[in-house]
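# Structural overview for review
These are the residues of each chain, in order.
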Amino acid sequence: MKSSRKIFVQFVICMIFFSVIGILVNNLTVNLIRTGLGFNFNWLIKPASFALAEYPLPYSPSDSYAWALFIGWLNSLKVIISSLLVSTLLGTIIGFARTGKNSLLSFLSAGYITIIRQTPLLLQLMFWYFVGFLGLKDDMSIHIKDIFKISNQGIELSVFTLTSEFSALLLGLSIFTSAYIAEVIRGGILSVPRGQWEAFRSLGVSERKGLISIIIPQALPAIIPGLTSQYLNLAKNSTLAIAVGYSDIYAINDTIINQTGRAIECFMILLTSFLVLNLLISNSMEIINRIIINARKYN
Amino acid sequence: MNPIVIAKNLTKSYTKGLRALDNVSLTVNQGKVLVVMGPSGSGKSTLIRTFNGLETFDRGELNVLGINIEPNHDERKIQKIRRRVGMVFQQFNLFPHLSILENITLAPVHVQKRSQIEAEDYGMYLLSQMGIDSHAKKYPSQLSGGEQQRVAIARALALKPELLLFDEPTSALDPERINEVLDAMRRLAEQGMTMIVVTHEIGFAKDVSDQVLFMDSGKVIETSTPEIFFSNAQHERSRKFLNQLDKQ
């Protein structure tokens, strides 16, 4: 009796699932026929004929759509990797300050974490871009001789220049992610039993040495998984680049959809590129996790 | 008589009205063994943790090894004392990611700046004293509770301390593992080590201690020699506590 009811329920669920898929596929075919575009990727080799504000490799409007997309992917990668490094550094410092013995530092970092986590990322990006960089008048630039200069043109270092769009995105993503990373670090430190702190302190070992030799090695296994999911979030959040006009993969896809109407193909490309990117991130973190667990000779 | 610990009217409150330590005064002289007894929550652990600065106190005077400890001291300032005072915990608190020998050599190498070889030689000597030198390359999780606690004692001895603090060293052990730890402690007492031991082990207290201090609700109820305390306790509260222990 029960098993026949089970089979019936499963049958109904399957019917609903396939009906939804069927409706979607039907919609798609009907609309593709209506617009007369068909489904193909031949357009990728046609010239993009739009300009990009920044490109790590040579690019001109006469280059193909495929090349424009690749440049967008590189731009995304550039901002993700640099934000990943900056946010990890910042988050680690704030995480330690939060758990540390200095009550002023702990209070300040708690405030930082609260404010950053309680406001939307989009708002923060807008703030850094429009207030932080574009808000700077020509005569309001901050500079230290010729080595370092912040103005409405972005951040200029003696060796390279970061555009204001890239700088705002880097700053916004790093600060936003650092608040979450700080909490991951704090959770990791708190996962180490109090007795471990007491043991190294009672041996006269300094706080710094104890943290490095005793606490951090035991906190790492608890930190890595949390860190991985923050890195994945960071990669996905980078698509908000479009809000500050940075030409990342999402912004370029958007332009191409407007020009060509190839929404389906573009979204497939977009989804694939993020899938590849995030698999790359989570697999690298998994390798790091393995190394840490294998280095551990105890249970 | 060379006093190692002198405490006068130590007082510490966690919250209003609730006193962890209430005017505790005591003196421990060099080479003596003080056993601290009392029901749980009586302030025994808090008391011995003030002696190496793991706990602060609110009022009173405390002098350990000739150094005055201020009521709300900075942890960093207490390091001089910690280098001369060893501590053994109820839960052993060995570093699980370090080998037995590394557990022991960490402090001598980093705190006393001794060479790795010198620290390892002395570490192996201490382990053989504890009868566990064959485990030197193992990790804490591979050892039994009694063995781990003996490693913890060796770790505390590695800095050649002038005072050893024991915070219920056998409470987390299986009954048949208790004696191997108590025997190691007995040998240390015979060698003239100054020790303050929080324990409920009456046999150990009778045989080894020079003085028994009984605490309840943060107060010292009585301080006696073990002979008097265990046969003819002066205070009603102490007698009640000893009766409870006997029944177990």
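Just so you know, these numbers come straight off a predicted model, no measurement behind them. (Residues numbered from 1 in each chain as written. Chains lettered and ligands numbered in written order. Predicted model: local features only at pLDDT ≥ 70, side-chain atom pairs only at ≥ 80, totals over all residues. Heavy atoms only, no water.)

Evaluation of the coordinates by the stated rule reveals 19 salt bridges over all chains. A salt bridge links B:Glu236 to B:Arg239; the nearest nitrogen and oxygen atoms lie 3.3 Å apart. Of this pair, B:Glu236 and B:Arg239 both sit in helix α9 (residues 236-247), three residues apart, roughly one helical turn. Through salt bridges that share partners, A:Arg117, A:Glu183 and A:Arg186 make up one connected network. (Salt bridge = Lys/Arg side-chain N within 4 Å of Asp/Glu carboxyl O. Helix = DSSP H or I, 4+ residues; strand = E, 2+ residues; numbered from the N terminus.)

In this section: the interface of chain A and chain B. Taken together, the contact between chain A and chain B spans 21 residues of the former and 24 residues of the latter. Approximately 2,000 Å² of surface area, both sides summed, lies buried where chain A meets chain B, with 62% of it carried by carbon and sulfur atoms. For B:Arg49, the salt bridge is made with A:Glu198, and the minimal N-O distance between the two is 2.6 Å. Scanning the region where chain A abuts chain B turns up five residue pairs in polar contact (both at pLDDT 80 or more). The set of elements that each furnish at least two residues to the side of chain A that touches chain B consists of α6 (194-202) and α7 (207-237) of chain A. Residue composition of the side of chain A that touches chain B, by class: seven nonpolar, eight polar and six charged. (Contact = heavy atoms within 4.5 Å. Buried area = accessible area lost by both parts, 1.4 Å probe. Polar contact = N/O pair within 3.5 Å; in protein donor to acceptor, adjacent residues only side chain to side chain. Nonpolar A, V, L, I, M, F, W, Y, C, P; charged D, E, K, R; others polar.)

Of all hydrophobic cores here, the largest spans 101 residues; its most connected members are B:Val5, B:Leu26, B:Phe51, B:Val64 and B:Ile196. In terms of residue count, helix α5 (residues 164-190) of chain A provides more of this core than any other element does, twelve residues in total. When near neighbours in sequence (up to four residues on either side) are disregarded, B:Val5 contacts B:Leu26, B:Thr27, B:Val28, B:Phe51, B:Leu62, B:Asn63, B:Val64, B:Leu163 and B:Ile196. B:Leu101, B:Ala152, B:Ile178 and B:Leu182 belong to the second-largest nonpolar core, a separate cluster that totals 47 residues. (Core = buried A, V, L, I, M, F, W, Y, C linked by side-chain atoms within 4.5 Å. Buried < 20%, exposed > 50% of the residue type's maximum accessible area, 1.4 Å probe, protein only.)

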